[in-house]
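Understanding the architecture of this molecule
Residue strings, one per chain:
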Amino acid sequence: MTRIAVVGAGVAGLGTAYALREADAEVTVFERRESVGGRAATRRHDGCVYDAGANYLKDDDPRVAALVGEELADGLVDTEGPVWTFDADGEISEGKGDDARKWTYREGLATLGQRLREASGASVRTDAEVETLARESATESRDARWRVGTASDDFHADALVLTPPAPTTAYLLDGSDWDDPLCGDLVDAAASVPYRTLLSVALHYPYRADPPYYALVNADKDHDIGWVSREECKPGHVPDGESLLVVQPSPDWSRERYEEGNDEIAVAAADRAAELLDDPDRYQFDWADVIRWRDALPDAGADRETLRRGTEADLFFAGDWVVGEGRIHAALRSGLETGERVADAL
Ligand SMILES: Cc1cc2nc3c(=O)[nH]c(=O)nc-3n(C[C@H](O)[C@H](O)[C@H](O)COP(=O)(O)OP(=O)(O)OC[C@H]3O[C@@H](n4cnc5c(N)ncnc54)[C@H](O)[C@@H]3O)c2cc1C
């Protein structure tokens, strides 16, 4: 049977596997972390559930909305409350009637990865970082194939789908054992995608204030804070009477402080959040968590025509950077479409 290797169990990689669920192929997904979902990530602490990467999923893409809202809907919840804006001076304004749906799961957005994993029926190997790639030439008895190396073994596949963020994809291909000018073109295409670095800081408070919004977003992109949201607006995330802010500083602030210790980052983020919210109590959190996303969001897409040439070598790509939109729904859609292209090529 045809063997397909997918690198990365974010929503793009799992979306690829899902689209191949009825294909006459054996699909194996390799994920370097111990859990699936990628940047649709969730953490838990002290009775709280919080989305540590992406904050919510929009229903902007009808195909993804139908899949998530129907087949993957178990545990799906709507975030309550609107997103308001603020400017460089910290002036807060009511949003523009933003009542679009903001989905997460009761157990957090990482559930989306788990649901996709179950629905795909694929074999998913976690704690399995792909370290090497090689293109083996055809022999008399078989076609050319890919060798995918992890620390524990080598896996042979007839087709390969790469879904890590573009810098990692470029790095893997650049170090691959594949002697073809196309490889260099693909490395250049992936390496050209610019990324924003972001910190995500979770701050817990043992009391609750109830402002009329779920989140505040910096509209002019000129404030140290890009985003502040309240996890207690997500059903099931925060025990009654408590509050958990997720503060995402601007890309510049995040890059400057990226190497600092968690305590320093948390205090600095809490200070800026307290100022912005004009709430002196917010200087005093009782626990915090800092999540670092070096390759958080692509600011553009890779050259799609170049990536498509990978098909000549049974090589495919999926992910938010492939379509140039750092959103869960775009990444999942990219995975579904890539899976269909792989199925067509079988
Ligand atoms: C802080 C932050 C806030 C965001 N907010 C939102 C939001 O509110 N709404 C929204 O829609 N989107 C948001 N996004 C963007 C959204 O999370 C991403 O666009 C989407 O999750 C990308 O999915 P993906 O599958 O393309 O990539 P990823 O989720 O990055 O998946 C790639 C996977 O590949 C794995 N991997 C990497 N290298 C290897 C290797 N060598 N071997 C094996 N596995 C490997 C990674 O561990 C990862 O699991 C946010 C992102 C961040 C970081």
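Note that the coordinates shown come from a computational prediction; the quantities given were computed from them, not determined experimentally.

A few words now on the overall build of the protein chain. If you tally the helices and strands in the protein chain, you get 10 helices and 19 strands. In terms of C-alpha radius of gyration, the protein chain reaches 21 Å, essentially the compact-globule figure of 20 Å for 346 residues. Seen through its principal axes, the protein chain has C-alpha atoms that stretch 75 × 40 × 35 Å. In the protein chain, which comprises 346 residues, the proportion classed as buried is 52%. For the protein chain, the exposed area adds up to about 15400 Å²; of that, 41% sits on carbon and sulfur atoms.

Moving on, we come to the pattern of salt bridges. Scanning the model with the defined rule gives 29 salt bridges in all. Measuring nitrogen to oxygen at the nearest pair gives 3.2 Å for the salt bridge that ties Arg 101 to Asp 78. Here the residue Arg 101 occupies a position in the loop between strand E7 (92-93) and strand E8 (103-105), and Asp 78 occupies one in strand E5 (residues 76-78), the gap between them amounting to 23 residues. For Asp 78, a relative accessible area of 33% translates into the label partly exposed. Note that Glu 260 is salt-bridged to Arg 257, the shortest N-O span being 3.1 Å. Judged by relative accessible area, which is 24%, Glu 260 ranks as partly exposed. Overlapping salt bridges bring together Glu 136, Arg 142, Arg 145, Arg 147 and Asp 154 as one network.

Before going further, it helps to spend a moment on the pairing of strand E4 (residues 48-51). Here is the key point about a regular strand: its side chains alternate between the two faces of the sheet. Burial along E4 is two-sided: Cys 48 and Tyr 50 and Val 49 and Asp 51, pointing in opposite directions, are all buried. Note that strand E3 (residues 42-45) and E4 share 4 bridges and pair antiparallel. In the sheet register, His 45 faces E4, and the bridge partner there is Cys 48. Linking E3 back to E4 in an antiparallel pair, the connection comprises 2 residues, with Asp 46 at a positive phi of about 50°.

This brings us to the nonpolar core. Core analysis: the biggest nonpolar cluster contains 38 residues, and Ile 4, Val 68, Leu 112 and Leu 116 have the highest contact counts within it. Those elements giving two or more residues to this core turn out to be strand E1 (2-7), helix H1 (11-19), strand E2 (25-30), helix H2 (62-71), E8, helix H3 (110-120), strand E13 (159-162) and helix H10 (328-345). Each of two domains, domain 1 (2-40 + 114-192 + 299-345) and domain 2 (42-108 + 195-298), supplies a minimum of three residues to this core. Not counting residues within four places of it along the chain, the set of residues in contact with Leu 112 comprises Val 11, Leu 57, Val 68, Leu 72, Tyr 105 and Ile 328. Core analysis: the second largest hydrophobic core is formed by 32 residues, Phe 30, Trp 146, Ala 166 and Val 187 among them.

Turning our attention to the sheet that holds E7. If you walk across this open sheet you meet the 7 strands as E7-E6-E15-E16-E17-E14-E18, and the pairing is mixed. Edge positions in the sheet fall to E7 and strand E18 (287-298), since each of these pairs with one other strand and no more. Contacts from helix H7 (residues 262-277) reach strand E6 (83-86), E7, strand E14 (195-205), strand E15 (215-218), strand E16 (225-230), strand E17 (243-249) and E18, with the element oriented near 80° to E14.

A few words now on the domain arrangement of the protein chain. For the protein chain, the assigned domains are domain 1 (2-40 + 114-192 + 299-345) and domain 2 (42-108 + 195-298). Placing the centre of domain 1 and that of domain 2 at their C-alpha centroids yields a distance of 30 Å. Listed as interface residues are 23 residues of domain 1 and, on the opposing side, 23 residues of domain 2. Of the roughly 2100 Å² buried where domain 1 meets domain 2, counting both sides, 59% is carbon and sulfur surface.

So, on to the sheet that holds E2. A sheet is described by the order of its strands in space; here 5 strands give the open sequence E9-E2-E1-E13-E19, paired in parallel fashion. Each edge of the open sheet carries a strand with a single partner, namely strand E9 (123-125) and strand E19 (315-317). Along the sheet, successive strands turn relative to each other by an average axial angle of 20°, direction set aside. Relative to E13, E1 runs parallel, the two sharing 4 bridges. Bridge pairing in E13 links Ala 5 to Leu 160. Seen against the sheet, helix H4 (residues 166-174) touches E1, E13 and E19 and runs at an angle of roughly 165° to E19.

Turning to H2, a few remarks are in order. Residues of H2 that are buried: Val 64, Ala 65, Leu 67 and Val 68. Projected down its long axis, H2 carries its buried residues within an arc of 165°, all on one side. Facing away from the buried side of H2, by more than 90 degrees, are the exposed residues Pro 62 and Glu 70. For H2, the elements touching its buried residues are H1, E5, E8, H3 and H10. The N-cap residue of H2 is Asp 61: its side-chain oxygen and the backbone nitrogen of Arg 63 are 2.9 Å apart.

Scoring rules and cut-offs
- Residues numbered from 1 in each chain as written.
- Predicted model: local features only at pLDDT ≥ 70, side-chain atom pairs only at ≥ 80, totals over all residues.
- Heavy atoms only, no water.
- Helix = DSSP H or I, 4+ residues; strand = E, 2+ residues; numbered from the N terminus.
- Rg over C-alpha atoms; globule rule 2.2 N^0.38 Å.
- Buried < 20%, exposed > 50% of the residue type's maximum accessible area, 1.4 Å probe, protein only.
- Areas by Shrake-Rupley, 256 points an atom, 1.4 Å probe, with all protein chains shown as cover.
- Salt bridge = Lys/Arg side-chain N within 4 Å of Asp/Glu carboxyl O.
- Pairing = 2+ DSSP bridges.
- Core = buried A, V, L, I, M, F, W, Y, C linked by side-chain atoms within 4.5 Å.
- Domains from an automatic or database assignment.
- Contact = heavy atoms within 4.5 Å.
- Axes fitted to C-alpha atoms, helices over the stretch in contact; angles between N-to-C directions.
- Buried area = accessible area lost by both parts, 1.4 Å probe.
- Arc of directions from axis to C-beta.
- Polar contact = N/O pair within 3.5 Å; in protein donor to acceptor, adjacent residues only side chain to side chain.

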